[in-house]
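What follows is each chain in one-letter form.
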Amino acid sequence: MKDRCIQITRISVGWIDGIIQDKHTKIYFSNSYMDNFLDDFMLAFLTVLNEYPADEHKETFRATIEPASAKWNFSLVGQDIHIHEIVYESYNDPETILSDKTVILNKDVFLQDFIAEMESVLQRYGLFGYRMEWESEFPLSLFLKIKDIASGKNDLRLSVINPGADNKGIEINGSDFSVECGIMKGT
């Protein structure tokens, strides 16, 4: 197996460790349960792919390293994903920078490696095991959307599933669970 550009090396007792790397730069991370790192990471990724509302500004997020803090920012430049991480000495001291690194990866390579690594995480921990070690749910719906994008099908979309008359005048948006189950079967 070739080295992936993203690897999760540990998830236990509320910590997630790993590495994101290109040919020149390595970003090592070790984030605590105080933030939901994988959830935020996937939201940032989906935001720069224009698959999450841009007005949510999810392409930037914070992660707690204790006592340090990291600011992550994703951007898409042409066909490359730029993942920028700045580590600060502490959350309350954003002036003291401990590291400032950017990894640049081809979007399609990153998509495939990310999916393979998340499938590996699910195989190693399972959904319930992940929850018990991380103390939050695995971001399954976001992961399924990323898998759907990578497949080129883009079948997983929101649509009106209930007219307003059936919900006290408010339309309900939802996704097709059978499509989601189909994507899960491939995991």
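Structural data are supplied above this passage.
Treat the numbers as computed from the prediction; the structure is a model and nothing was measured. (Residues numbered from 1 in each chain as written. Predicted model: local features only at pLDDT ≥ 70, side-chain atom pairs only at ≥ 80, totals over all residues. Heavy atoms only, no water.)

### A closer look at the nonpolar core
One recurring pattern in soluble globular proteins: nonpolar side chains tend to sit buried together.
Turning to step 1, where the next piece is worked out: Core analysis: the largest hydrophobic core is formed by 44 residues, its most contacted members being F37, F41 and W72.
Turning to step 2, where the next piece is worked out: Setting aside residues no more than four positions away along its own chain, W72 makes contact with I20, I27, F29, F37, F41, E59, T60, F61, A63, I83, H84 and E85. (Core = buried A, V, L, I, M, F, W, Y, C linked by side-chain atoms within 4.5 Å. Buried < 20%, exposed > 50% of the residue type's maximum accessible area, 1.4 Å probe, protein only. Contact = heavy atoms within 4.5 Å.)

### Quick notes on the pairing of strand β7 (residues 93-106)
Turning to step 1, where the next piece is worked out: By the bridge criterion, 10 bridges tie strand β6 (residues 80-90) to β7 in an arrangement that is antiparallel. Bridge assignment links I81 to a residue of β7, and that residue is L105.
Turning to step 2, where the next piece is worked out: Counted between consecutive antiparallel strands, the loop separating β6 from β7 contains 2 residues. (Pairing = 2+ DSSP bridges. Helix = DSSP H or I, 4+ residues; strand = E, 2+ residues; numbered from the N terminus.)

### Notes on the sheet that holds β6
Turning to step 1, where the next piece is worked out: What the 4 strands build is an open sheet, ordered β4-β5-β6-β7; its pairing is antiparallel. Edge positions in the sheet fall to β4 (60-64) and β7, since each has one partner strand and no second. Neighbour to neighbour, the strand axes of the sheet diverge by 20° on average, direction disregarded.
Turning to step 2, where the next piece is worked out: Bridge count between strand β5 (residues 69-77) and β6: 9 bridges; the pairing is antiparallel. Opposite L76, over in β6, you have I81 as the bridge partner.
Turning to step 3, where the next piece is worked out: In the packing of helix α2 (residues 107-134) onto the sheet, contacts are made with β5, β6 and β7, and the angle to β7 comes to roughly 100°. (Axes fitted to C-alpha atoms, helices over the stretch in contact; angles between N-to-C directions.)

Geometric values such as these leave the question of function open.
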